[in-house]
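# Structural features, examined
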Amino acid sequence: MEDTRLGENAVTVARSAVSGATVLSVAAVLLAWQVASLFFTPGIFPGLGRLAADLSVVLAGNGRHRLVDHVPVTLLRVVVGFAVATAVGTLFGTAMGTRRRAERYLLATTLVLLGVPAIVWAFVLVSWFGLTSLLVPVATITLVVVPYVTINVWEGIQDVDYRLVEMADAYEVGRVQRLTGVYLPQIGPYLFSTVRIAFAISWKIVLIAEMFGATHGVGFAINYYFTRDATGMVVAWALPIMMLVYALDRLLNRVERRFFDWRATDVATGGVGA
Amino acid sequence: MSLSVTDLTKTFEDARRGNVTVFENLTVTFEGGAFSTVMGPSGCGKTTLLNVLAGLVDPDAGHVSVDGERVEPGDFSFAYVFQEPRLLDWKTVGENVAFALRANGVPESERDEVVASVLDLVGLREETDTYPLRLSGGMRQRVGLARALAVEPDVLLMDEPFSELDELTARRLREDLLDLWQETGKTIVFVTHDIGEAVFLSDDVYLLNERGELFEEATVPVGRPRTFGDRELDEVERRLTETFFENVTNRV
C-alpha cells in the first residue's frame, strides 16, 4: 500500500521565507520615501522624522482634529456599507449563478456598473442628497462594492464541480446536506477572498465619499489637512487606518486558513505576508 | 440480484454533431451475484448505460428491471464508484464515508462503527482522519470504494475505477476488489475499455461496438482465485480481442 503524504515541508519553508521578505520590502519602501523627501520641502513631502512627529500628534490627539472624533463614524459607515453590499451582491451573484434568466438580465448591467468610478458616485449622491451622516457614504460603498461581490459569487458558483454534484445525485444526498457539504465548501474560498477585498475597497471608498459628502469622518479630516498643505498630517492620518485594515485582513486570513485546512498544497500560497 | 435494461434507447443533443444516438433498443441482463463487465471503445456509451441504471440520465425509451420486476431507474439498492474518486476534499476520509451514510439515512450514532468497518475492508482504517489530498491516487480510489460499500448496496456500479491509476496499483486494487466481491456476494456491473481487465475480473463480459450495439456476450470459464498472467485467462483475452476487432470497425 502506498503511503505518500504531500505538502507539509513546503508549507514551513514558505512561511519562514515570507517574513524575512516582508521586513526587507517594508525597509525598502521607507528608505525610498526618505530619499524622495530630500527633493521637496517638508510641508509637501515630509521626511520620516517629520512624519513620525505628525503621527505622534495624531495618535496623542493633539491636533485640530482627533481620531476619536472621526474614526468611529467612519468605521460605522464602512461596516454598514460593506455588510449591505456583501449581502446584496451575494444575493445577485447566487441568482445569476443558479438561474439563466437572472444571468441574462443582470450580467451586462453589473459589468457596466463595475466600471463606474467611486468619485462619480460620490459626487452624484452628494448632488442628490446633500451632506448626510450615513446615507451618502454608505450608498457610495454599496454601489461600488455590489457589482464586485456579484461577479465574484457568480464565478464561484460557476466553478462548482458538476462531478461532485453527480456524486451527490448518485448517493441521493438531501438538500441541506448538499448545500453544506457540496456547494458551500466549493464557493467558500470565493466568498472569503471577496469579503477580504470588498472590505479593503470599502475603506478606500468611504474616505472619498467623506471628503465631499460629510462633516465628520477620517476622509473629512484628511481633506481638512490637504486643503492646508499639511501633507505630513494627511499621511499620518492614513497610517493608523492602514494598520487597522491590515490587522483585520490578517485576522480574516487566519479564519480562512482554519476553514481550508484540507487544502494541503494550497496553504503555502494562501499566507502571503504572514 | 439480477439487473437488466430492456429496449433502451437514448439520444443526446450535441451542439456540433447534431443528435447522437447512443443506444437503440439495447437489451442486456446482468446476473445476480455475478461480476459482469461492459467493455467497449471510448464513446460507445458504457458510462451512459451505468447512468441510466443509476437514474442519473433519463432514457428516451426502455426500462430497467430488477429480478425480472420493472422498477424506476435508480430505484433499487446500488452504489456508484466513479472513474475519479470524487471525494469531498474538505472532509476527512472518515467524514467522506459518513457523508454517504447520512444521505442514506443511517443515524449518527451508528455511523462511526460502519465507517471503521468499511475502512478496514479497504485497508485504510489508519487514515480515517486524513484529508484526501494527502493520499495517493490509489488510496483515494479505495476511499471511493469504501464509501460505496458503506451504504450496503445490492449492486455496485463501477465506471472504469482503475483507469487513472498506474498499472501496479490498479492490479493490486483489482485483486482486492475480487476479494471483497467474494466476501460480500454483491452484483457488480463494471465498465472498462481494457479487455485484459475485463477478462481478469469478470464472470461475464458484454462487448459493445462504437455504435452502442451489443455484439457478444462471453463468459470467462476460469476458476477463482485467478492469478495475473494465467494461461487460460490469456487465451480468453486473445479470443475476445480477436472478436472485438472483427466487430469494431475503428474510425479513430
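Keep in mind the model is a prediction, meaning the values are calculated, not measured.

### Examining the overall build of chain A
- Helices and strands together make up the secondary structure of chain A, namely eleven helices and zero strands.
- The helix and strand sequence of chain A, counted from the amino end, reads α-α-α-α-α-α-α-α-α-α-α.
- Residues counted as buried form 39% of the 274 residues belonging to chain A.
- In chain A, the proportion of contacts linking residues at least 24 apart, taken out of those at least 6 apart, comes to 71%.
- Taken as a whole, chain A presents about 15,100 Å² of accessible surface, with 69% of it coming from carbon and sulfur.

### Focus on the interface of chain A and chain B
- At the interface, 25 residues of chain A touch 37 residues of chain B.
- Inspection of the region where chain A meets chain B yields one salt bridge.
- The salt bridge involving Glu166 of chain A is made with Arg86 of chain B; its shortest N-O contact spans 2.7 Å.
- On inspection of chain A and its partner chain B, the count reaches six residue pairs in polar contact (both at pLDDT 80 or more).

### Here we look at the sheet that holds strand β10 (residues 214–219) of chain B
Residue and element names in this part refer to chain B.
- Taking strand neighbours across the sheet as the criterion, the six strands line up as β6-β7-β8-β3-β9-β10 in an open arrangement whose pairing is mixed. In this open sheet, the two strands that pair with only one neighbour each are β6 (78–81) and β10. Across the sheet, the mean angle from the axis of one strand to that of its neighbour is 15 degrees, orientation sign disregarded.
- In this sheet, strand β7 (residues 155–159) lies alongside β6 in parallel orientation, the contact comprising four bridges. Along β7, the bridge assignment pairs Val81 with Met158.
- The strands touched by helix α1 (residues 46–54) are β3 (35–39), β6, β7, β8 (187–192) and β9 (204–208); relative to β7, the strand with the most contacts, the crossing angle is about 150 degrees.

### Some details on the sheet that holds strand β2 (residues 18–30) of chain B
Residue and element names in this part refer to chain B.
- Spatially, four strands are ordered β2-β1-β4-β5 in an open sheet, and the strand pairing comes out antiparallel. Of all strands in the sheet, those with a lone pairing partner are β2 and β5 (69–71), marking the two edges. Neighbour to neighbour, the strand axes of the sheet diverge by 35 degrees on average, direction disregarded.
- Summarising the sheet, strand β1 (residues 3–14) and β2 pair through nine bridges and their orientation is antiparallel. Counterpart to Lys10 in the pairing with β2 is Phe23.
- The strands touched by α1 within the sheet are β1, β2 and β4 (61–66), with β1 carrying the most contacts at an inclination of about 115 degrees.

### Some remarks on a nonpolar patch on the surface
- Together, Leu31, Val35, Leu38, Phe39, Phe40 and Ile44 of chain A make up an exposed nonpolar region whose accessible area comes to about 690 Å².
- As for its position among the elements, Val35 of chain A is in helix α1 (residues 8–37).

### Some remarks on the packing of aromatic side chains
- This structure, assessed with the given rule, holds 17 aromatic pairs over all chains.
- For the ring pair Tyr224 of chain A and Tyr225 of chain A, a centre distance of 5.2 Å and an interplane angle of 90 degrees mean the geometry is edge-to-face. Accessibility assignment for this pair places Tyr224 of chain A and Tyr225 of chain A in one class, buried.
- Pairing Phe215 of chain B with Phe244 of chain B gives two aromatic rings, centres 6.5 Å apart and planes at 40 degrees, and the pair type is tilted. With Phe215 of chain B in strand β10 and Phe244 of chain B in helix α7 (residues 231–247), this residue pair connects regions lying 29 residues apart in the sequence.
- For Phe244 of chain B, a relative accessible area of 7% translates into the label buried.
- An aromatic cluster of at least three residues, connected via ring pairs, comprises Phe35, Phe162, Trp181 and Phe190 of chain B.
- Taking the ring centre of Phe12 of chain B as reference, the NZ or CZ of Lys10 of chain B above it sits at 5.0 Å.
- The ring of Phe228 of chain B has Arg171 of chain B lying over it, and the distance from NZ or CZ to the ring centre is 3.7 Å.

### Here's the deal with the nonpolar core
- Residues Tyr171 of chain A together with Leu3, Leu145, Leu156 and Leu157 of chain B are the most contacted members of the largest nonpolar core, which totals 95 residues.
- In this structure, this core is formed jointly by two domains, domain 1 (3–77 + 153–247) and domain 2 (85–152) of chain B, each of which donates at least three residues.
- Grouped together as the second largest cluster of nonpolar side chains are 38 residues, Ala221, Tyr225, Met233 and Val245 of chain A included.

### Things to note about the confidence of the model for chain B
- With 99% of its residues at a pLDDT of 70 or more, chain B has an overall mean of 93.
- Overall fold confidence for the complex sits at a pTM of 0.76, while the interface term, ipTM, reaches 0.92.

### What about the confidence of the model for chain A?
Residue and element names in this part refer to chain A.
- Of the residues in chain A, 89% reach a pLDDT of 70 or more, and the chain-wide mean stands at 86.
- Within chain A, no element has a lower average pLDDT than helix α11 (residues 267–270), which sits at 38, and none a higher one than helix α7 (residues 162–170), at 94.
- For residues 1–13, every residue scores under 50 in pLDDT, and the model assigns this stretch 26 contacts once sequence neighbours within four places are set aside.
- Between residues 266–274, whose pLDDT stays under 50, and residues either more than four places distant or in other chains, the model counts 21 contacts.

### Overview of helix α10 (residues 231–259) of chain A
- In a regular helix each residue adds 1.5 Å, so 29 residues correspond to 42 Å; α10 of chain A covers 42 Å between its end C-alpha atoms and thus fits that length.
- Those residues of α10 of chain A lying buried are Gly232, Met233, Val235, Ala236, Trp237, Pro240, Ile241, Val245, Arg250, Asn253 and Glu256 of chain A.

### Side note on the side chain of Glu160 of chain B
- Position of Glu160 of chain B relative to the elements: it lies in the loop between β7 and α5 (167–184).
- Setting aside residues no more than four positions away along its own chain, Glu160 of chain B makes contact with Lys46, Gln83, Val191, Thr192 and His193 of chain B.

Each value, and the rule that gives it
Along each chain, residues carry numbers from 1 onward, in the same order as the chain's sequence is written. Following the order in which they are written, the chains are lettered starting with A and the ligands numbered starting with 1. Residue-level local features of this predicted model are given only where pLDDT is at least 70; pairs of side-chain atoms are given and counted only at 80 or more, and the full residue set underlies all totals for whole chains, interfaces and linings. The side-chain values count all of the structure's non-hydrogen atoms but skip hydrogen atoms and water molecules. Secondary structure is summarised from DSSP: a helix means a run of H or I of at least four residues, a strand means a run of E of at least two, and numbering begins at the N terminus for each. When a residue's accessible area, from a 1.4 Å probe over protein chains only, is under 20% of the maximum for its type it is buried; when over 50% it is exposed; and in between it is partly exposed. Contacts are residue-level and defined by heavy atoms, with any inter-residue pair within 4.5 Å sufficient. Areas reported here follow the Shrake-Rupley algorithm with a probe of radius 1.4 Å; residue values treat only the protein chains shown as occluding. Salt bridge, as applied in this entry: a Lys or Arg side-chain nitrogen positioned within 4 Å of an Asp or Glu carboxyl oxygen. Two N or O atoms form a polar contact when they lie within 3.5 Å of each other; inside protein one atom must be a possible hydrogen donor and the other a possible acceptor, and for residues adjacent in sequence the pair counts only when both atoms belong to side chains. At least two DSSP bridges between two strands are required for those strands to pair. Axis geometry follows a simple rule: fit a line to the C-alpha atoms, using only the stretch in contact for helices, then measure angles between N-to-C directions, giving values from 0 to 180 degrees. Like charges are joined within 9 Å and nonpolar side chains (Val, Leu, Ile, Met, Phe, Trp, Tyr) within 5 Å, but only among residues with over 30% relative accessible area and no salt bridge; these make up the patches. Pairs were defined over the aromatic rings of Phe, Tyr and Trp, the Trp ring being its six-membered one, requiring ring centres within 6.5 Å. Orientation was assigned from the angle between planes: stacked under 30 degrees, edge-to-face over 60, tilted for the rest. Whether a charge sits over a ring comes down to the Lys NZ or Arg CZ being within 6 Å of the ring centre and within 35 degrees of the ring normal. To define a nonpolar core, start from buried Ala, Val, Leu, Ile, Met, Phe, Trp, Tyr and Cys residues and group those joined through side-chain atoms within 4.5 Å. What counts as a domain boundary in this text is fixed by an automatic or database domain assignment. pLDDT measures the predictor's confidence residue by residue and takes values from 0 up to 100. To estimate how far a helix should extend, the number of its residues minus one is multiplied by 1.5 Å.

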